[in-house]
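# An overview of the molecular structure
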Amino acid sequence: MKKHITSAISQTFGKFANKKFPKPIQNFINNSYVKVMGLDMSEFHNPETYHSLNALFTRKLREDRKYSLDSEDFISPSDSYITECGEIDEKYALQIKGMQYNSDELLGAHFSKEEKELVKNGTFINFYLSPKDYHRYHIPTNLKVLKAVHIPGKFYPVNMPSLKKRLNLFVENERVVLQCETPSKKRFYMVLVSALNVGVMQVSFEPKIKTNADALSSSVYHFNDVYLNKGDDFGCFEMGSTIVVLAQKDMLEPCVKAGEHVRYGDTVAKIK
């Protein structure tokens, strides 16, 4: 596939966000961003401690949050807004109410029919991270990563106005699909979806994954011994974006609804 104009825009913004300006200018940029976007910095360092705008975007918590250690509690991987959640109708999930997409197409061509069938009539939850949110993402339950697929694509915005007007937005955008397995052998997918100005989606356990780079075709990574624990920080969006969870049938019972704001660490579903 050819690179889309949204990729060029995102790469240009990424260069600006990564640039380290002289300290007075950088302080002005950081403080302005915090003020204009309304960032809550109470859990983070002072904005002037970050050497670039991207360092501010990808800031880490000063102290980890408290969350349930109960194996039945599936926690939110991020600070986000639930744009939609519920049951997958055969193979169709919702990006928002009235706008559905095919889960097979979201997962892409590098999963078998059997792997895709696992989430048929299963459960989905969409987590939208706005530009003001904490941008790092965490593991929602103890798991083993079986496979990761990087699918190059476009970089359309994934905010509510865009979700309402562009069908198959999640399917068109660049994404990283993680196939996961719980200790009880239940399977689910976490799909990291890009957005405009998201130059990079970091995946800490596989640094070979380079998003918004020069790749024009999908890349597949298989793992034998990648075990991650609930709450582990496994990367970040360099700006806001979306995480889609697709779980196999009878695995998750959501305890959140569309329109709710959640924070990393909140229990958002029960594992059956």
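Going by the structure above, here's the rest.
Source: prediction; values computed, not measured. (Residues numbered from 1 in each chain as written. Predicted model: local features only at pLDDT ≥ 70, side-chain atom pairs only at ≥ 80, totals over all residues. Heavy atoms only, no water.)

### Re the nonpolar core
By size, the foremost hydrophobic cluster in this structure holds 37 residues, and its most contacted members are F74, F188, M190, L192 and F205. Elements that contribute at least two residues to this core include exactly β2 (80-87), β5 (123-128), β7 (143-151), β8 (175-181), β9 (187-193), β10 (219-228), β12 (242-247) and β15 (267-271). Those residues in contact with M190, other than ones at most four positions away along the chain, are I139, P140, L143, V176, V177, L178, C180, F234, V244 and V245. Counting residues in each nonpolar core, the second largest holds 26 residues, with I88, Y101, L107 and L163 among its members. (Core = buried A, V, L, I, M, F, W, Y, C linked by side-chain atoms within 4.5 Å. Buried < 20%, exposed > 50% of the residue type's maximum accessible area, 1.4 Å probe, protein only. Helix = DSSP H or I, 4+ residues; strand = E, 2+ residues; numbered from the N terminus. Contact = heavy atoms within 4.5 Å.)

### A word on the packing of aromatic side chains
A full pass over the atoms with the stated rule returns 10 aromatic pairs. Both rings, one in F111 and one in Y189, keep their centres 5.2 Å apart while their planes meet at 85°; by these two values the pair is edge-to-face. Remark: Y189 occurs in strand β9 and F111 occurs in the loop between α4 (103-107) and α5 (113-117); sequence separation between them is 78 residues. The exposure classification of F111 matches that of Y189, with both residues buried. Plain terms: the ring middles of Y137 and F234 are 4.8 Å apart, the flat faces sit at 50° to each other, and that makes the pair tilted. Residue Y137 is found in strand β6 (residues 136-138), and its partner F234 is found in strand β11 (residues 233-236); the two are separated by 97 residues along the sequence. With respect to class, Y137 is no different from F234; both count as buried. Taken together, Y137, F205, F223, F234 and F237 form an aromatic cluster joined through their ring pairs. A cation sits over an aromatic face here: K19 above F21, 5.5 Å from the ring centre. One Lys or Arg, R59, reaches over the ring of F44 and ends 4.7 Å from the middle of that ring. (Phe/Tyr/Trp six-rings, centres within 6.5 Å; stacked < 30°, edge-to-face > 60°. Lys NZ or Arg CZ within 6 Å of the ring centre and 35° of its normal.)

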